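# Architecture at a glance
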Amino acid sequence: MSFIISIEGEHAALASEDEIADGIAAAREVFARNEADPLACQVAVDKLEKDELLNREEALLCLIWDEAEEAAFRAVTLGWLSRAVDIKLAVRADAVADAAVSSLTH
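This write-up is about the structure you can find in this document.

The rules we used
Residues numbered from 1 in each chain as written. Predicted model: local features only at pLDDT ≥ 70, side-chain atom pairs only at ≥ 80, totals over all residues. Heavy atoms only, no water. Helix = DSSP H or I, 4+ residues; strand = E, 2+ residues; numbered from the N terminus. Contact = heavy atoms within 4.5 Å. Areas by Shrake-Rupley, 256 points an atom, 1.4 Å probe, with all protein chains shown as cover. Core = buried A, V, L, I, M, F, W, Y, C linked by side-chain atoms within 4.5 Å. Buried < 20%, exposed > 50% of the residue type's maximum accessible area, 1.4 Å probe, protein only. Salt bridge = Lys/Arg side-chain N within 4 Å of Asp/Glu carboxyl O.

### Focus: the overall build of the protein chain
For the protein chain, the helix and strand inventory stands at four helices and two strands. Here the contacts in the protein chain between residues at least 6 apart in sequence split such that 70% fall between residues at least 24 apart. Total accessible area on the protein chain is roughly 6,800 Å²; 56% of this is exposed by carbon and sulfur atoms.

If you want it as structure tokens, here you go:
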């Protein structure tokens, strides 16, 4: 399944395109290094935020998410004078890409 990683939050609009690209690249590197599916990480974090019980795998996915989000935050805000900013990572399925692949394979 395809996915799209984005940078969101109250202050995300203050970041340049290059800063956003650096943040997304940093997050992708963390997910790749840990061989983790970003969508699975997002689902685990959503479950945690709803105060639902996590199994061991979901807890580990949350740790990977935290690492990816921290890497993205640091890459985006590198050189900023303030660290009191609302910038966070978001991942969603890319339905358009999945539909295109599906139509090619059927």
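### Notes on the nonpolar core
Residues Ile7, Phe31, Cys41, Trp65 and Leu89 are the most contacted members of the largest nonpolar core, which totals 27 residues. For this core, the elements supplying multiple residues, two or more each, are β1 (3–8), α1 (17–33), α2 (38–49), α3 (56–77) and β2 (88–93). A per-element tally of this core places α3 first, with eight residues. Those residues in contact with leucine 89, other than ones at most four positions away along the chain, are Ile5, Ser6, Ile7, Ala27, Phe31, Trp65, Ala68, Glu69 and Ala72.

### Regarding the pattern of salt bridges
Two side chains with opposite charge may pair up if their charged atoms get near one another. Going through the model one piece at a time under the given rule, you end up with four salt bridges. Note that arginine 33 and glutamate 29 form a salt bridge whose closest N and O atoms lie 2.6 Å from each other. Within this pair, arginine 33 and its partner glutamate 29 are both found in helix α1, separated by four residues, close to a single helical turn. As a salt-bridge pair, glutamate 70 and arginine 74 come within 2.7 Å of each other at their nearest N and O atoms. Taken together, the residues glutamate 70 and arginine 74, both in helix α3 and four residues apart, mark about one turn of the helix. Here the residues in one salt-bridge network are Glu29, Arg33 and Glu67, joined through shared partners.

### Considering the environment of glutamate 19
Following the sequence through the fold, glutamate 19 ends up in helix α1. Note: C-alpha distance between glutamate 19 and threonine 77 (58 residues apart in sequence) is 7.4 Å. When sequence neighbours within four positions are dropped, the list of residues in contact with glutamate 19 reads Leu14, Ala75, Val76, Leu78 and Trp80.

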